[in-house]
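Results of the structural survey
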Amino acid sequence: MNKYGYITLKDYERALLSCVVCHCGLCAANCPAYISLRDEAVSPRGLAHIAFNALKGKIDPSEIPDKVIYACTGCGWCEWDCSQNRLLPENLRRRSLLISGATITEILRSMKVEKGEVPEQVAEALNNLVKYGNPFGKPAKIKDDWVASLGVQTNHADVILYVGSLVPYDELATKMAEALVNLLKRAGLKFSMLGSIERDSGAFARAMGEEGLFMELVDSNTETFKKYGVKRIICLSPHDYDVFLRYYDDIKKDIEIKHYTQVLWELMENNKIKLKRSYQKKVTYHDPCYLGRRNNIFDEPRNILKKIPGLDLVEMKLTREEAFCCGGGGTSLFYRVPEIDIDLRRAEQAKETGAEVIAVACPICLRMLNDAVKSKSYEMEVTDIAQIVNEVI
Ligand code: SF4
Ligand code: SF4
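Residues numbered from 1 in each chain as written. Chains lettered and ligands numbered in written order. Predicted model: local features only at pLDDT ≥ 70, side-chain atom pairs only at ≥ 80, totals over all residues. Heavy atoms only, no water.

All right, on to the sheet that holds strand β2 (residues 232-235) then. Overall, parallel pairing links the three strands, which are arranged β1-β2-β3 in an open sheet. Across the chains shown, the open sheet's two edge strands, defined by having one partner strand only, are β1 (159-162) and β3 (256-259). This sheet shows a mean twist of 20° between the axes of neighbouring strands, independent of strand direction. Pairing of β1 with β2, which is carried by four bridges, proceeds in the parallel orientation. (Pairing = 2+ DSSP bridges. Helix = DSSP H or I, 4+ residues; strand = E, 2+ residues; numbered from the N terminus. Axes fitted to C-alpha atoms, helices over the stretch in contact; angles between N-to-C directions.)

A few words on the sheet that holds strand β7 (residues 381-384). With respect to topology, four strands assemble into an open sheet ordered β5-β4-β6-β7, the strand pairing being parallel. Each edge of the open sheet is held by one strand with a lone partner, namely β5 (312-314) and β7. Across this sheet, the average inter-strand angle for adjacent strands is 35°, counted without regard to direction. Where strand β6 (residues 357-360) meets β7, four bridges bridge the pair, whose relative direction is parallel. In the strand pairing of β7, A359 is matched with T383.

With omega at 5°, the peptide bond leading from V167 into P168 counts as cis. Positive phi outside glycine occurs at H23, with the angle close to 60°. Locating H23 in the fold gives a position in the loop between α1 (13-22) and α2 (32-37). Judged by relative accessible area, which is 39%, H23 ranks as partly exposed. Despite not being glycine, R38 has its phi angle at roughly 50°, a positive value. Relative to the helices and strands, R38 is located in the loop between α2 and α3 (44-55). Relative accessible area serves as the criterion here: at 56%, R38 is assigned to the exposed category. (Buried < 20%, exposed > 50% of the residue type's maximum accessible area, 1.4 Å probe, protein only.)

This next bit is on the site of ligand 1. Residues in contact with ligand 1, as listed here, are C31, P32, P44, C72, T73, G74, C75, G76, W77, C78, G101 and A102. Within the residue set of the shell around ligand 1, elements represented by two or more residues are α5 (77-81) and α7 (101-115). Of the residues belonging to the shell around ligand 1, the class tally is eight nonpolar, four polar and no charged. (Near = heavy atom within 4 Å. Nonpolar A, V, L, I, M, F, W, Y, C, P; charged D, E, K, R; others polar.)

Quick look at the pattern of salt bridges now. For the structure shown, the criterion picks out 28 salt bridges. Note that E106 and R206 form a salt bridge whose closest N and O atoms lie 2.8 Å from each other. Placement of the pair is E106 in helix α7 and R206 in helix α11 (residues 203-208), with a sequence separation of 100 residues. Using a relative accessible area of 17% as the deciding quantity, one classes E106 as buried. Given the relative accessible area of 5%, R206 is considered buried. Notably, a salt bridge pairs K143 with E198, separated by 2.9 Å at the nearest N-O pair. Here K143, found in helix α9 (residues 140-150), pairs with E198, found in the loop between α10 (171-186) and α11; they are 55 residues apart in sequence, far enough to count as distant. You can call E198 buried: its relative accessible area is 5%. (Salt bridge = Lys/Arg side-chain N within 4 Å of Asp/Glu carboxyl O.)

Rendered as structure tokens:
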């Protein structure tokens, strides 16, 4: 494995083989791609068989359908639940050894990029990332103007709020970020935002299989964080948080990386944020996979919600480690496999609780579940925890 965490099918042979001989299929029980498409080929077990046969030359990787390569959201369920992974002692559970559909599809997607065989939408998002620094192809100046409009300093970089590539281009993510900025200011926290100087964390490039671009983004952001003397990064998105923690090896010992819910809870616990109003609504919290199962942050978001006067928190059946994905990981924001309906299924699960509001802690979950609730014509609101807190201060 190189320092960016990349491996080849050959490096992964042992893990693939242990799945091929096991064949238990436990992992499929909650794999959102499999549950949505009911196709063994997109399940973790199916992916392992396909990848193993590709490695042995029995399948031409170019002939693996896009559906198989792009359905995985990287939700981490299979890695967590796989019977073979659980047999490994704790000290051997390195990411290269664990059986994971996300790792398999990451390798297969990289092979597609190398061969120039990616779906058109993926190619466009990648080109935009290279040209504009964001996958939507929007000029960087928009981000600088937005930061300037918030009156946040850009020159004192001990603590930075890293908003990522969706902001300010996605309307919902932007509202979420603005709510958080307001809360951090009200708490008296001294922080900066780097505007267009912060480049995409690499989360999208990695999900789309662009290894070269991913490595370049890691190096470029690492250099920026060092140059600005950053000591603490507060991430808006769990996807960026996950990438910083997993792959930014050169900054991890000097820079504290936090998801915003951790910081918000810390501020609330220390009475830096006073709640003056109540929120008389029934709320269910959707655990973002990249925050919960992949990084074990389950309690802080719930602690925040439980502290809000009047808020009635109800849990979905699949929650915490077992939470079902919203469908937003992987390439879904740019290239969605036909007929996949993970987001609609999660919205149904939320609806079953009788909640009026789905609270999230991720700009991608916010977008996915908002769209899902609209498609289903549910009278439910989808909002971020930061926005709820911002309403009651
Ligand atoms: S990471 Fe999630 S979506 Fe991908 S194969 Fe595993 S369980 Fe399925
Ligand atoms: S649980 Fe693990 S070993 Fe069993 S089929 Fe799924 S990925 Fe393979």
